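Structural description and commentary
Here is what each chain is made of, one letter per residue.
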Amino acid sequence: MCIRDRYYSSRLGAASSIYKRYFERVRELLQRYATMSGGQLKLAFIDPEPFSDAEDRAVSSGLQGVQLNAEGDKGYFGLVATNSTDNTESVQFFSPQRETFHEYNMTKLIHKLAVPKKPVVGLISGLEINGGFDMRTRQPRQPWQIVNHIKEFFEVSDLPENVESIPENVEVLMLVHPNGLTAKAAYAVDQFALKGGRVLAFVDPMSELSKIRAPQKGATTNNAELAKLLKAWGIAFDGKKAVGDIKTARRVQLGGAQPVVTEFVVWLGLKGETSFEQTDVVSDGVKILNMITPGHIAAIKGASTKFQPIMRTSSEAMEIATAKLSGPQPDPVALLRDYKPGGKSLVLAARVTGDIKSAFPDGLPKDKKPDDKSKAGQKATDGKSPAKADPKAAKPDGDGKKTPARLTTGKLNAIVVADADFLYDQFWVETRQVFGQQMTVPTAHNGVFVVNAIENLSGGEALSGLRGRGVDNRPFETVDAIRRRAEREFRQREKVLTEKLENLRKELSQVEQKSGSGALMLSETDKKAIEKFKTELLATRRQLRSVKHAMRADIDRLEGRLKFLNIAVVPLLIGMGGFAFAAYRRRN
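Summary of the structure given here. All values derive from a computational prediction rather than experimental measurement.

A count of helical and extended segments in the protein chain gives 13 helices and 24 strands. The buried share of the protein chain, reckoned over its 588 residues, is 45%. In the form shown here, the protein chain has an accessible surface area of approximately 31,200 Å², with 52% of it arising from carbon and sulfur atoms.

Of all nine residues in strand β4 (residues 74-82), eight are buried; the element is thus mostly enclosed. Strand direction decides the pairing type here: strand β3 (residues 65-67) and β4, joined by three bridges, are antiparallel. Each residue of the ladder has a partner; that of G65, found in β4, is Y76. Connecting the antiparallel pair β3 and β4 is a turn made up of six residues, with G72 showing a positive phi of about 95 degrees.

This paragraph deals with helix α10 (residues 446-458). For α10, spanning 13 residues, the distance from its first C-alpha to its last is 19 Å, which sits close to the expected 18 Å at 1.5 Å a residue. α10 sits mainly inside the fold: 13 of its 13 residues count as buried. In the stretch just after α10, G459 is the one whose phi turns positive, near 100 degrees.

Right, let's talk about the sheet that holds strand β15 (residues 260-271) for a bit. The strand order β14-β15-β16 describes an open sheet built from three strands, whose pairing is antiparallel. Every other strand in the sheet has two partners, leaving β14 (249-254) and β16 (288-292) as the edge strands with one partner each. Across this sheet, the average inter-strand angle for adjacent strands is 45 degrees, counted without regard to direction. Across five bridges, the pairing between β15 and β16 is antiparallel. From the neighbouring strand, K271 faces β16, where its bridge partner is I288.

Before going further, it helps to spend a moment on the nonpolar core. If you look at the biggest cluster of nonpolar residues, it comprises 65 residues, and the most contacted ones within it are M174, L200, F202, M311, L423, F449 and V450. Among the elements that line this core, the one with the most residues is α10, at seven residues. Each residue touching M311, except ones within four places of it in the same chain, is listed here: L270, S275, F276, L289, M291, L346, V347, L348, A349, V417 and F449. One finds A186, Y187, L226 and A418 within the second-largest nonpolar core, a separate group that totals 39 residues.

Cut-off values and rules
Residues numbered from 1 in each chain as written. Predicted model: local features only at pLDDT ≥ 70, side-chain atom pairs only at ≥ 80, totals over all residues. Heavy atoms only, no water. Helix = DSSP H or I, 4+ residues; strand = E, 2+ residues; numbered from the N terminus. Buried < 20%, exposed > 50% of the residue type's maximum accessible area, 1.4 Å probe, protein only. Areas by Shrake-Rupley, 256 points an atom, 1.4 Å probe, with all protein chains shown as cover. Pairing = 2+ DSSP bridges. Expected span 1.5 Å × (residues − 1). Axes fitted to C-alpha atoms, helices over the stretch in contact; angles between N-to-C directions. Core = buried A, V, L, I, M, F, W, Y, C linked by side-chain atoms within 4.5 Å. Contact = heavy atoms within 4.5 Å.

Listed below in structure tokens is the structure:
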């Protein structure tokens, strides 16, 4: 492969130091790639002068120029690359706004040319991840960005939930909340896994997207066939339990007359080494990952498979019944108020490998009118060979051809994630306008995680480490911890004071009703009671306001200290250092 033409106008660098610095970074990266390739990657740098043959070649290759002066001269900063089979890829213009994603873009370009034939990913989904039709607006829905992201590196083959066999060219099978999975489709998945096919499964205890767009399929994972597969693979998953984690909860704003900003404990923003297994290549480049009402998985005791966690919650996580989340609009404030840390970390995603037996010991699920003769030889075996077939299960069909022999044992290679909604665009990308074009910019590494997982399962790990650049978010962890602690305390005290306030109002109303329409006179006791209730009412309201003000007190104090350090202490230290240096110079 060769980077045939690497165009960079020196006049562009002279006009703007930003482009000059960016060019140096690009050149260093390409030269490093060339060195690592052992001579397989060849570079050529061209400076296209205005009205030259080089400029004509740049324009004919589709590169975009930036106007340098009033005379119309243009500067170029792009790339054209080819491989040995004359496939061509190009970068029209290296925009500084995309500099953060430079390594990602170059990795993608090199990968496309180095591996022209893409591995095939089979996709079975109960969500409209690959596009659909909106009956309300009568307009087609576009595929999710995660599918477009996967297609940059792999070929995607869409399979229905009632598929009866997995195509032979499928290397990785991706299951996304397959709540409509039929028995025969589950059997096809079972046989695919037993013969060495790799599986990437996303199971969701409460799919927000399914609840909105496909309520007839069910938002919770209650598919008996899927449960049968997970059990055979040694995975415990409770479709009636979601996971909340106060430590990684994301903040949301609730609408209404008085908007409320609070922690939504079932929307998780995972960060850092404590959330991701750093020794697993799937976590490479994943620093931030958002999950939406996830569940959790665990190894079944005594299972023959090896269960290796990839993502997990903090030790402050708790299980939450999906029944509390099944309404049209869950109440984040109530969930936070009732939150009780469970005291142990829960697994959100895991790699599961090892020897397994078929989830269908009796073979292919029967139709409504089963053929009694086909029952012979359908018993499962206990063999431990990598993939053992039942020879009696291979029967000729009507055309005289033999159907594939039924496998009863094999070796599993799967990654299972207890969430599917986190694949949706809203939770990991945003759309921006760059030079008049719409560009999707990742705000989390959800897409990186998925592509890393598919690449790892398909056997290609070489470039996964370069794909995770571009998203950077350094949270103020101390401030976040103070805010979470203060808000939890505030919500609990707010509930107590609000209930007391309501009771006082009811009691005051009952006493005042004794006067009827005003014809009766209140006794001195009643008057004193009313005054007492009004005094307590005002005092309770003051306490409620004090609690709300106290909620930010710790954060404000920390903010004040930081301001003091930045505004006063740091300049003071610099000044003292300057005086010390000047005194030292005078002495010498």
